[in-house]
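Examining the three-dimensional arrangement
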Amino acid sequence: MSGTELKVLEILWDWGGEASIDTIAREARISTDYARLICQNLGRNDYIDFSHSKMCFLRGKGKLEVARRKVDTQKKIVVSEKIPKFGLGKDRDGRFILDY
């Protein structure tokens, strides 16, 4: 799978699983003809459902491919225990509670 195909799958993921060819072309900064070609190829390989009405929908195989790549880039959030104000505390089991 090429980098542009992965980019198209990520764009579809970010747009909630569906997007038009024009949106994909704009977001990927490629021509609409090239975006259509890539979507046809992804459709043949069952990554997306591409109808000729200019709409693309992520299929199960495409969702798995994008999710696997998105999960690899997890971000870590660190919360200091020394900030007791603003409703930050712990419950009786030691889990953090954030009141807002």
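No experiment lies behind these values; they were computed from the predicted model shown. (Residues numbered from 1 in each chain as written. Predicted model: local features only at pLDDT ≥ 70, side-chain atom pairs only at ≥ 80, totals over all residues. Heavy atoms only, no water.)

A short note on the sheet that holds strand β2 (residues 48-50)
Strand order in this open sheet of 3 strands is β1-β3-β2, and the pairing throughout is antiparallel. In this open sheet, the two strands that pair with only one neighbour each are β1 (18-20) and β2. With strand direction ignored, the average angle separating the axes of adjacent strands in the sheet is 20°. Strand direction decides the pairing type here: β1 and strand β3 (residues 55-58), joined by 3 bridges, are antiparallel. Bridge pairing links alanine 19 to cysteine 56 in β3. Relative to β3, helix α1 (residues 3-14) is tilted by about 85°, and along the sheet it contacts β1, β2 and β3. The sheet contacts of helix α2 (residues 21-28) involve β1, β2 and β3, and relative to β1 the element is tilted by about 90°. (Pairing = 2+ DSSP bridges. Helix = DSSP H or I, 4+ residues; strand = E, 2+ residues; numbered from the N terminus. Axes fitted to C-alpha atoms, helices over the stretch in contact; angles between N-to-C directions. Contact = heavy atoms within 4.5 Å.)

Thoughts on the packing of aromatic side chains
For the coordinates displayed, the defined rule picks out 0 aromatic pairs. Lysine 61 extends its terminal NZ or CZ atom over the ring of tyrosine 47, reaching a point 4.8 Å from the ring centre. (Phe/Tyr/Trp six-rings, centres within 6.5 Å; stacked < 30°, edge-to-face > 60°. Lys NZ or Arg CZ within 6 Å of the ring centre and 35° of its normal.)

Observations concerning α1
With 12 residues, α1 should reach 16 Å at 1.5 Å per residue; the first-to-last C-alpha distance of 16 Å fits that figure. Along α1, the positions that sit buried rather than exposed are Glu5, Leu6, Val8, Leu9, Ile11 and Leu12. Two residues or fewer after α1 comes glycine 16, characterised by a positive phi angle close to 85°. (Expected span 1.5 Å × (residues − 1). Buried < 20%, exposed > 50% of the residue type's maximum accessible area, 1.4 Å probe, protein only.)

Examining the pattern of salt bridges
As enumerated under the stated definition, the model contains 3 salt bridges in all. Across the pair aspartate 46 and arginine 59 runs a salt bridge whose closest N-O atoms are separated by 3.4 Å. Taken together, the residues span a long stretch of sequence, with aspartate 46 in the loop between α3 (32-44) and β2 and arginine 59 in the loop between β3 and α4 (60-71) at a distance of 13 residues. Taking the shortest distance from any N to any O, the salt bridge between arginine 68 and glutamate 65 comes out at 2.6 Å. In this pair, arginine 68 and glutamate 65 both sit in helix α4, 3 residues apart, roughly one turn of the helix. You can call arginine 68 partly exposed: its relative accessible area is 49%. (Salt bridge = Lys/Arg side-chain N within 4 Å of Asp/Glu carboxyl O.)

Here's the deal with unusual backbone geometry
It is generally the case that most residues other than glycine have a negative phi and that most peptide bonds are trans. The backbone phi angle of arginine 29 is positive, close to 60°, even though this residue is not glycine. Looking at where arginine 29 falls in the secondary structure, it is placed in the loop between α2 and α3.

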